[in-house]
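Reading the structure
Here is how the chains run, residue by residue.
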Amino acid sequence: MTRCGTLRTAPACGSHSWPPPAVMKLFRRFADSADRPCSVSSARSAALTWSSALSALTSIPRLDRLTFLPWRDVISQNGLPIVSKGQFCPQCLAEDQAAGHAPYFRLTWELKTVSVCPRHRVRLSQHCPCCGKDNVRHAAALVVPGWCTKCGAFLGGQTRAAEPEMAIEAVELWRARQVYELVRVQQSVEQAPSRDMLVATIEHIIGEMDGGQATRFAGRVGLSKGTVHYWLKSDKTPTLDASLAVASQSGIGLSRLLTGQSQGWTPPTQGQQLALTLFKPECRSKSPARTIDWEEVDRQLQKFLHQPNPVSVREVSRQLGIEVRQLYLRDNQTTRQIGQRWLAYLRRRKVANLQEAIPHLESAGKEVLMAGKSLNLREMKARLPHEVTQSIQGFYGVLKDVRLRLVGESPEHHKISV
Ligand SMILES: [Zn+2]
Ligand SMILES: [Zn+2]
């Protein structure tokens, strides 16, 4: 679950153990279930179970509003693509921290549909700025929102070596804005939007724009006529992408479409329609399979391999829009070389970070000992610059080394503990 407003589920002070046994039972059940942890933010049943249970345990009402549950009747269950590896806007997290409150993951970052932060106009990141690993949010039993689950660094920190980044396209920004608006609206929506209202709104749009001809409208929004037909004539619900297509081509906007607010909406003028074609998705029925120019892919792989900044295979896959598995199948050698180069770079960066940090660590350690205090993590961190603390991986191991060095240098100080 992701926080949109302020949600704190930390233990209250007292003798009760945390998490309570009931929560632990739920955790175990959830871990055993087929649902992936990330789907807790979705509109599936796991989200309902979790939000209801947490509401009951924390006495915070309506936690379902922190998931996509309010939209479960108007977005089909399989039509809400949730990211499998966490993505985040480093600048949003940094802003949270600068404002003095706990950083939190935005619900909008959970969706594959959202690839950029409309507030900061930056691409969402999947990699920790310090250790460069991905999946730094989900892959741990204990997650402190805003900090890397692999190395502990702050995810809102500066990236040491800038990864090559694709320019942000207007359509990405538009999509992200639509979803951000949707999440904003869901905080205040009184009644869960219903499928009937959505279908009535779509019918109204088809009537105004295409004289009630569903086939013509389907072509206009880049969907197959069967898809639109099933919305109108059976109980099928549009996917998020399909609703975005309707919202973009009619100009009504996603939140108004899904909440059935068609009052005041008028069909776009000819000129506006021209601009809207920018966002028109390709019709799936006409282009069933994407043809990949493999020679171009080979050329791009070579380019990635030889560019000055090493890059991960996952990032290459993201930029080329080709699955990692396909890259390995097509050009195993080059893809492996790209991966090895990235790993070597991460190792170098770890060593370099440590080299840079050693003088700071030694002087902080000496200060701690001079003050007659224990050489522990808390005392060290209190004396180290923030960016040094952030850059070190495996702090406990490093602290042991520092202790060894300093004990050798100053045997009179024995008040040491890790
Ligand atoms: Zn941001
Ligand atoms: Zn990290």
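On a predicted model such as this, the values are computed, not experimentally measured, just so you know. (Residues numbered from 1 in each chain as written. Chains lettered and ligands numbered in written order. Predicted model: local features only at pLDDT ≥ 70, side-chain atom pairs only at ≥ 80, totals over all residues.)

Here the focus is the overall build of the protein. What the protein contains, in helices and strands, is 17 helices and 2 strands. Counting every position in the protein, which comprises 418 residues, the buried fraction comes to 31%. Restricting to contacts in the protein with at least 6 residues of sequence separation, those with at least 24 account for 66%. (Helix = DSSP H or I, 4+ residues; strand = E, 2+ residues; numbered from the N terminus. Buried ≥ 20, exposed ≤ 12 C-beta atoms within 10 Å, placed from the backbone. Contact = placed C-beta atoms within 7 Å.)

On to helix 6 (residues 214-221), then. Residue pairs spaced three or four apart in an α-helix point in one direction, given the helix's 3.6 residues per turn. For helix 6, the full list of buried residues reads Phe-217, Ala-218, Arg-220 and Val-221. Down the axis of helix 6, the smallest arc covering the buried residues is 160 degrees, so these residues share one side. On its buried face, helix 6 sits against helix 5 (195-210), helix 7 (225-233) and helix 8 (240-250). (Arc of directions from axis to C-beta.)

Our next topic: the environment of Asn-353. Summarising the element assignment, Asn-353 is placed in helix 14 (residues 332-370). A tally of 20 C-beta atoms within 10 Å means that Asn-353 is categorised as buried. Sequence separation between Asn-353 and Cys-130 is 223 residues, and the spatial gap between their C-alpha atoms is 9.2 Å.

Attention now goes to the nonpolar core. Most often, soluble globular proteins have nonpolar side chains that are buried together. One finds Cys-148, Leu-155 and Val-246 to be the most contacted residues of the largest nonpolar core, which totals 51 residues. Only helix 3 (90-98), helix 4 (170-186), helix 5, helix 6, helix 7, helix 8 and helix 9 (254-258) provide two or more residues apiece to this core. Take this core: its biggest share by element is 6 residues, from helix 8. Residues lining this core come from more than one domain, with at least three contributed by each of domain 1 (1-192) and domain 2 (195-279). The residues contacting Cys-148, other than those within four sequence positions of it, are Cys-128, Cys-130, Cys-131, Val-136, Ala-153 and Leu-155. (Core = buried A, V, L, I, M, F, W, Y, C linked by C-beta atoms within 7 Å. Domains from an automatic or database assignment.)

Phi is positive for Arg-121, close to 50 degrees, though the residue is something other than glycine. Its location among the elements puts Arg-121 in the loop between strand 1 (116-117) and strand 2 (122-123). Residue classification places Arg-121 among the exposed residues on the basis of 12 C-beta atoms within 10 Å.

A few words on the confidence of the model for the protein. Confidence in the prediction of the protein, expressed as mean pLDDT, is 78, and 74% of residues score 70 or more. Low confidence marks residues 1-20, where pLDDT is under 50. Its contacts with residues over four positions away, or in another chain, come to 28 contacts. Confidence drops under pLDDT 50 across residues 26-38; counting only partners more than four residues distant or on other chains, this segment forms 13 contacts. (pLDDT = per-residue confidence, 0-100.)

Tracing the backbone shows Ile-75 in the loop between helix 2 (45-58) and helix 3. In sequence terms Ile-75 and Leu-240 are 165 residues apart; their C-alpha atoms lie 5.8 Å from each other.

Locating Phe-68 in the fold gives a position in the loop between helix 2 and helix 3. Taking the C-alpha atoms as reference, Phe-68 lies 8.1 Å from Leu-107; in sequence the two are 39 residues apart.

Let us look at the packing of helix 6 against helix 7. Remark: helix 6 packs on helix 7, axes separated minimally by 8 Å, with the N-to-C direction vectors making an angle of 120 degrees. As summarised for this structure, helix 6 and helix 7 are arranged oblique, according to the angle between their axes. Both helix 6 and helix 7 take part in a crossing whose hand is right-handed. Note on element contacts: helix 7 touches helix 6 through Lys-225, Thr-227, Val-228, His-229 and Leu-232, opposite Ala-214, Thr-215, Phe-217 and Ala-218. Looking at the contact of helix 6 with helix 7 residue by residue, the classes come out as 5 nonpolar, 3 polar and 1 charged. (Axes fitted to C-alpha atoms, helices over the stretch in contact; angles between N-to-C directions. Parallel < 35°, antiparallel > 145°, perpendicular 65-115°, else oblique. Left-handed = near helix turned anticlockwise from the far one by under 90°. Nonpolar A, V, L, I, M, F, W, Y, C, P; charged D, E, K, R; others polar.)

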